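What the coordinates show
If you want the building blocks of each chain, they are given just below.
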Amino acid sequence: MSSLADFSEITQRERSLAEWTWLKVGGPAEYLLEPRSVEELVAVVRCCHDNDVPLQVLGSGSNLLVGEAGVRGVVLRMTAEAFGEITVDGTTVTAGAGALLSHVISHTVRAGLVGLETLVGIPGTVGGALLGNAGGRSGDVGQTVRSVTVLTAAGEQFTRTEDELSFGYRQSSINELLVLHCTFGLAEGNVEETLKRMRKLWIMRKATQPMSQQSAGCIFKNPRGISAGSLVEQAGLKGEQVGGARISDRHANFIVTDSEATADDVQTLIETARRRVAEQFGVDLELEIRIW
Ligand code: EPU
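The sheet built from four strands is open, its strands ordered 17-20-19-18 with antiparallel pairing. The open sheet has two edge strands with one neighbour each: strand 17 (214-215) and strand 18 (241-242). When strand 18 meets strand 19 (residues 245-247), the two strands line up antiparallel, connected through two bridges. Across the sheet, residue Gln241 finds its bridge partner in strand 19, namely Arg246. Running over the sheet, helix 6 (residues 263-281) touches strand 18, strand 19 and strand 20 (255-257) and is turned about 25° from strand 19.

Have a look at this one:
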């Protein structure tokens, strides 16, 4: 049976994760591993499975709050080239889970394809976007997915096709450990018109969201189609500050952080928003971001 010591070349101990999250707060990973190939990734996953070591996969850290205590066990980063390839074959696009969604969007739009452009401005990797079915009011990533190749916690690889997958509001039926790559089915379109649509969406997003500040995007899911941001605003919490974290004045479903912020500051604001919205409106806000 292999042990984590076998992967010392790709391991960092007690490695701070803050710089890799958009909120820039939180503690270290006990073991941070960056596999260089799919084979190495599978070997790490099997090793953790055999040794009962907890394992988390870090994407681009845009939808994540790491607690002050950090993360026990292994955190994997799929940053190697092998995990970020994007290929176009007609209207079918294959992307590695580690590729940034924004790169896939620009790649496909340049290739004259439409289907993903409505996701402009959404941060994150392909893997993270698929797990949480990233999207906005103009569509979500699940609509274009044709197949997803996943890796289970036991290190088994298999491909799930469209008819074996379901995507809902900020959720997907993908429940394996991680996504390796996926294919999108897009359509041919006019590059100029697509760019125009993207510019419009980008301007709207910039006007309504604090895009130039550190944040993790929307903190809460919209409950039953009501805007969580509007509920937090009506609870009087826009601009509410704890330490270096603050509920955005621009959009109350965003928490923005400065260089003094801690994960506890963010957690306190989350709890305050949840409590006040529950007290005033009887609505339990569900987290959209993940907390480690
Ligand atoms: N609103 C307020 N106060 C606020 C924020 C919003 O009154 O502080 C009102 C707006 O005026 C508007 C309504 O709420 O009438 C909806 O606001 P918005 O258009 O900003 O959309 P949202 O429902 O708050 C959703 C997604 C965003 C996505 C936008 C645009 C969720 C939780 N949020 O926000 O996604 O960018 O639509 O498509 O589904 C994210 O998931 O991280 C995210 C930012």
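Read on for the rest.
Surrounding the ligand, one finds 20 residues, the nearest of these being Arg137, Tyr169, Asn222, Glu233 and Glu288. One of the side-chain nitrogen or oxygen atoms of Arg205 is found 2.9 Å away from an oxygen atom of the ligand. At 2.9 Å from an oxygen atom of the ligand is found a side-chain nitrogen or oxygen belonging to His251. When the ligand sits alone it has 820 Å² of accessible area, and the protein chains cover 74% of it. Counting residues per element, the shell around the ligand draws most heavily on helix 5 (residues 228-234), which supplies three residues. When its residues are assigned to classes, the shell around the ligand shows five nonpolar, nine polar and six charged. The residue makeup of the shell around the ligand includes at least three contributed by each of domain 2 (84-194) and domain 3 (210-291).

What links the strands of a sheet is backbone hydrogen bonding, and the strands pair in either a parallel or an antiparallel sense. Pairing is mixed in the open sheet, where four strands are placed in the order 1-2-5-3. A single partner strand is all that each edge strand has here, and the edge strands are strand 1 (11-16) and strand 3 (55-58). Ignoring strand direction, the axes of neighbouring strands in this sheet form an average angle of 35°. Of the pairings in the sheet, the one linking strand 2 (residues 28-33) to strand 5 (residues 71-77) comprises four bridges and is parallel in character. When the bridges of strand 5 are listed, Leu32 appears paired with Val75. Lying over the sheet, helix 1 (residues 38-50) contacts strand 2, strand 3 and strand 5, oriented at roughly 165° with respect to strand 5.

Let us look at helix 1. Between the first and last C-alpha of helix 1 there are 18 Å, a value that for 13 residues agrees with the 18 Å anticipated at 1.5 Å per step. The set of residues buried in helix 1 consists of Glu40, Leu41, Val42, Val44, Val45, Cys47 and Cys48. On the buried face of helix 1, the contacting elements are strand 2, strand 3, strand 5, strand 11 (145-151), strand 12 (157-161) and strand 15 (178-185).

All right, on to the layout of surface pockets then. Of the voids in this model, the second largest pocket is the one considered here, and its volume is about 170 Å³. Residue lining of the second largest pocket: 13 residues in total, with Ala82, Glu85, Gly96, Leu180 and His181 positioned closest to the centre. If you list the elements that add at least two residues to the lining of the second largest pocket, you get strand 6 (86-89), strand 7 (92-96) and strand 15. Counting residues per element, the lining of the second largest pocket draws most heavily on strand 7, which supplies three residues. Within the lining of the second largest pocket, the residues separate by chemical class into six nonpolar, six polar and one charged.

Counted by the stated rule, this structure contains 13 salt bridges. Ionic pairing is found between Glu162 and Arg146, a salt bridge with its closest N-O pair at 3.3 Å. Note that Glu162 is positioned in the loop between strand 12 and strand 13 (167-168) and Arg146 in strand 11, a separation of 16 residues in sequence. Exposure remark for Glu162: the relative accessible area of 43% places this residue in the partly exposed category. For Asp249, the salt bridge identified is with Arg246, shortest N-O distance 2.9 Å.

Basis of the calculations
- Position labels on residues start from 1 in each chain and follow its written sequence.
- Selection of residues for local features in this predicted model requires a pLDDT of at least 70, selection of side-chain atom pairs for listing and counting requires 80 or more, and totals for whole chains, interfaces and linings are taken over all residues.
- As a rule here, side-chain values come from all non-hydrogen atoms in the structure, and water together with hydrogens is ignored.
- A pair of strands is treated as paired once DSSP finds two or more bridges between them.
- A run of H or I in DSSP counts as a helix once it spans at least four residues, and a run of E counts as a strand once it spans at least two, with each numbered from the N terminus.
- Contacts are assigned to residue pairs with any non-hydrogen atoms lying within 4.5 Å of each other.
- Only the contacting stretch of a helix is used when fitting its axis, a line to C-alpha atoms as for every element, and angles between N-to-C directions run 0 to 180 degrees.
- To be near a molecule or strand, a residue needs just one of its heavy atoms within 4 Å of it.
- We call two N or O atoms a polar contact when they sit within 3.5 Å, provided that within protein one can donate a hydrogen and the other can accept it, with sequence-adjacent residues counted only if both atoms are side-chain atoms.
- Where accessible areas are quoted, they stem from the Shrake-Rupley method and a 1.4 Å probe; at the residue level, only the protein chains shown are allowed to cover.
- Nonpolar residues are Ala, Val, Leu, Ile, Met, Phe, Trp, Tyr, Cys and Pro. Charged residues are Asp, Glu, Lys and Arg, and all others, Gly as well, are polar.
- Where each domain starts and ends comes from a domain assignment, either automatic or drawn from a database.
- Here a helix's expected span is defined as the number of its residues, less one, multiplied by 1.5 Å.
- Using a 1.4 Å probe on the protein chains alone, a residue whose accessible area is under 20% of its type maximum counts as buried, one over 50% counts as exposed, and one in between counts as partly exposed.
- In this analysis the probe radius is 1.4 Å and the grid spacing 1 Å, with only protein atoms considered; a cavity is a set of points the probe fits into but cannot get out of, a pocket is an open set with protein on both sides within 12 Å along at least five of seven lines, and lining residues have an atom within 4 Å of a point.
- Grid points are joined across faces, edges and corners, and a volume is the space filled by probe spheres set on the points.
- Criterion for a salt bridge: a side-chain nitrogen of Lys or Arg within 4 Å of a carboxyl oxygen of Asp or Glu.

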